[in-house]
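# A closer look at the structure
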Amino acid sequence: MKKLTSWALIRQNLSRKPVRTGILAVIVFLFSFTLYCGTVIGQGLSQGTRTTAERLGADALFVPYGYDAKVQSSLLRGEPSSFYMDRRFSEEVRQEKGVEKVTAQLFIATLKASCCTLPVQLIGIDPETDFVVRPWMASAIDRPMRDDEVVVGSKIVGQVGDTLTLFGKELTIAARLEPTGMGFDTSVFLEIDRARRLLLASELGPRLNLPAGLDRNAFVSSTLIKAAPATDIKELVNRISQKYAAAYNLDFVVVAGMITDMAAKLSFFSRCIHVFSGVLWVLGALVMALVFSALIRERKKEFAVLRIIGASRSALGRIVMREALLVSLSGAFAGVAAAMLVTTLFNAYIGAVLDAPSLEPGPLYRLAAAAGALLLGLMTGPLACLPAMRKLGRIDAYIIMREEL
Amino acid sequence: MKKNILELHEVSMFYGQVKALQNITFNVREGEWLAIMGSSGSGKTTLMNIIGCLNKATHGAVFLDGEKISRLNARDLTVIRRDKIGLIFQQFHLISYLTAVENVMIAQYYHSMADEKEALAALERVGLGHRGRHLPRQLSGGEQQRLCIARALINHPRLILADEPTGNLDEANQNTVMDIFHQLHKQGSTIVVVTHSPDVAAHAQRIVYLEFGRMVKDVQNAHPHGRAGAPAEAGR
Ligand SMILES: Nc1ncnc2c1ncn2[C@@H]1O[C@H](COP(=O)(O)OP(=O)(O)O)[C@@H](O)[C@H]1O
Ligand SMILES: [Mg+2]
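Source: prediction; values computed, not measured. (Residues numbered from 1 in each chain as written. Chains lettered and ligands numbered in written order. Predicted model: local features only at pLDDT ≥ 70, side-chain atom pairs only at ≥ 80, totals over all residues. Heavy atoms only, no water.)

Another aspect to go through is the environment of Asp147(A). All names here are of chain A. Note that aspartate 147 resides in the loop between α5 (134-138) and β5 (149-152). Its relative accessible area of 48% is what places aspartate 147 among the partly exposed residues. A C-alpha to C-alpha distance of 8.1 Å links aspartate 147 and glutamate 191, two positions 44 residues apart in sequence. Each residue touching aspartate 147, except ones within four places of it in the same chain, is listed here: Leu171, Arg194 and Arg197. (Helix = DSSP H or I, 4+ residues; strand = E, 2+ residues; numbered from the N terminus. Buried < 20%, exposed > 50% of the residue type's maximum accessible area, 1.4 Å probe, protein only. Contact = heavy atoms within 4.5 Å.)

Attention shifts here to the pattern of salt bridges. All names here are of chain A. One pass over the structure, following the stated rule, counts 19 salt bridges over all chains. Between glutamate 96 and lysine 243 there is a salt bridge, with the nearest N and O atoms lying 2.5 Å from each other. Of this pair, glutamate 96 sits in the loop between α4 (88-93) and β3 (99-109) while lysine 243 sits in helix α7 (residues 233-248), and the two are 147 residues apart along the sequence. Classification of glutamate 96 as buried rests on a relative accessible area of 11%. Aspartate 193 is the salt-bridge partner of arginine 196, the closest N and O atoms lying 2.8 Å from each other. (Salt bridge = Lys/Arg side-chain N within 4 Å of Asp/Glu carboxyl O.)

This brings us to the nonpolar core. Among the nonpolar cores identified, the biggest contains 125 residues, and Leu56(A), Phe184(A), Phe292(A), Phe303(A), Leu306(A), Ile149(B) and Phe181(B) are the most heavily contacted of them. Looking at this core, the element that brings in the most residues is helix α8 (residues 255-298) of chain A, giving 14 residues. If you count residues domain by domain, this core takes at least three from each of domain 1 (6-50 + 261-404) and domain 2 (66-248) of chain A. Judged by nonpolar contacts, the second largest core, of 41 residues, contains Ala60(A), Leu122(A), Val188(A) and Ile192(A). (Core = buried A, V, L, I, M, F, W, Y, C linked by side-chain atoms within 4.5 Å. Domains from an automatic or database assignment.)

What follows covers the confidence of the model for chain B. Residue and element names in this part refer to chain B. Taken residue by residue, chain B gives an average pLDDT of 89. The fraction at 70 or more is 95%. Confidence drops under pLDDT 50 across residues 228-236; counting only partners more than four residues distant or on other chains, this segment forms 16 contacts. Scored as a complex, the prediction yields pTM 0.67 and ipTM 0.86. (pLDDT = per-residue confidence, 0-100.)

A few words now on empty space enclosed by the protein. Residue and element names in this part refer to chain B. Per the counting criterion, the structure on display carries four cavities of 30 Å³ or more. Of the voids in this model, the largest cavity is the one considered here, and its volume is about 140 Å³. Every residue lining the largest cavity is counted, 15 residues in all, and those nearest its centre are Ile85, Gly86, Leu87, Arg151 and Ala152. Elements represented by at least two residues in the lining of the largest cavity include exactly α2 (74-84), β6 (85-89) and α5 (141-153). If one sorts the elements of the lining of the largest cavity by residue count, β6 sits on top with four residues. The class makeup of the residues in the lining of the largest cavity is eight nonpolar, three polar and four charged. (1 Å grid on protein atoms, 1.4 Å probe; cavity = no way out; pocket = protein on both sides within 12 Å on 5 of 7 lines; lining within 4 Å. Points joined across faces, edges and corners; volume = space filled by probe spheres on them. Nonpolar A, V, L, I, M, F, W, Y, C, P; charged D, E, K, R; others polar.)

Here it is, written out as structure tokens:
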């Protein structure tokens, strides 16, 4: 037979009321789950945003007026979009003081591609001037792309050597980029002039709605600028837009600002999550406190009997405390385990839903988050049963015995 | 002459205006079997709770095994109760979700250490050796009371204290319980039985009578009921 200890008492008690035990465990489960998910997702997003900034390598982007938001979502999440501006701007701006590098890109949103069930973003890059994508491509391909070749982002389906059909043309995958956590992962890259020719030759070509005055053979989507070291980027961008905005109908995005915006959004998000888990915790603890208080009332007689046969008040306290702990333990463990699974499996999807690039935080961070969520979850039960424990002190065995008469 | 296990000096218990006990004074010697008798409301349970360290008298002194318990705090009373007293109740007060043997072991656990063999032996002694795995609700009233006795005895108490131990039992079961008490008495146990039943009191060597919280008589029972349960005069 099993040894009779107060743990055995507790186990028997918990399993005697599976529904009540289950509800209490679920409360802790939800709390630990939310806390872990919120913390890890928040961290993943802010990490993703930071790396996006680092990986982009550009300080500012110039786009047609009104497309600043579009280019951001395209960069951050690879949301396909198409917009056009004059290529000459990128040549002129190169002369400005404080500008170190300039490159232009052409964005084409395809509606259908053999690779993907979803529309992909085609990005035409200028091999001569590119400083944004090249660092990622260099590791993937060490020769110029041929006319019928593309480089794909890490999430585009297909092996190197496979073909993709874009605008009715079969193109060979020459290389695949490293994962970047941003829109590049779902983009297909090709040489910019080739991309423009492909677009014009496709069924979209005749219907292409270029802004007035734009040369059909010299349009791009965005111009990316890297400032020289120790340049005031804000001042530079202001100067450039004052000079060129009217002529080229420009809008701009300062990358640092974009990241700051994102960071603000993220910190709001993680504050929401933490407030939410805080509210969840308080509500959960409240419900638990009520349940424990009811439980003690319900078990008054049993506790009185235990008192009579020699259990001290603190022994009764330990029984209640351990029950609470055991319930919290199972809830917290299950919650953190489920949260780890969910965040690992759906990390990319979570980023997409939240409109932000997301990188899963490293194992150490996750471990710490798990430990924190576990610990706080674990504390819920014992803390929640503290008020009820005061009732234990009022269990006067002989009075209860009298009530039984 | 054997020493006193229990001494009460001028013990009174007042619940506000209600004088549940007034100036109770008597001693119980080691190995003695005493009945405390009185009608309902005469203060028997109140007295038993004081002797059993479940409650404290408002006045007077109580000595148990030479130790003054009347001024101890609740924590110390718990320890004394656990170590020196075996309590038996009319309502049995068993733990419903523990088996018979576990109900005995839980008393061992809070006393010192659960020992299943010893617990089973205790059940054997009250004739429940074969019912160890059963839950209280699977036992008859008489069996539950025997289980309660086994639990009371398991830690070798100095004093066995029973409040209306046969109040919920039929005659056959009452006899079985009284037989067990006789055995315990023969083995040297000190027994105090609280009862309103002259039949039950008649088994004791000595009877203290309570009326309206006062002790009205303290008499030796010249002819206690035998184990066979032959009717005898209650020694009034
Ligand atoms: N906790 C209490 N509060 C107030 N009165 C009580 C309490 N316990 C007992 N009494 C009163 O004390 C008297 C004796 O009660 P009790 O000892 O239970 O008698 P008995 O067991 O002989 O029937 C009764 O009048 C009862 O109402
Ligand atoms: Mg009574």
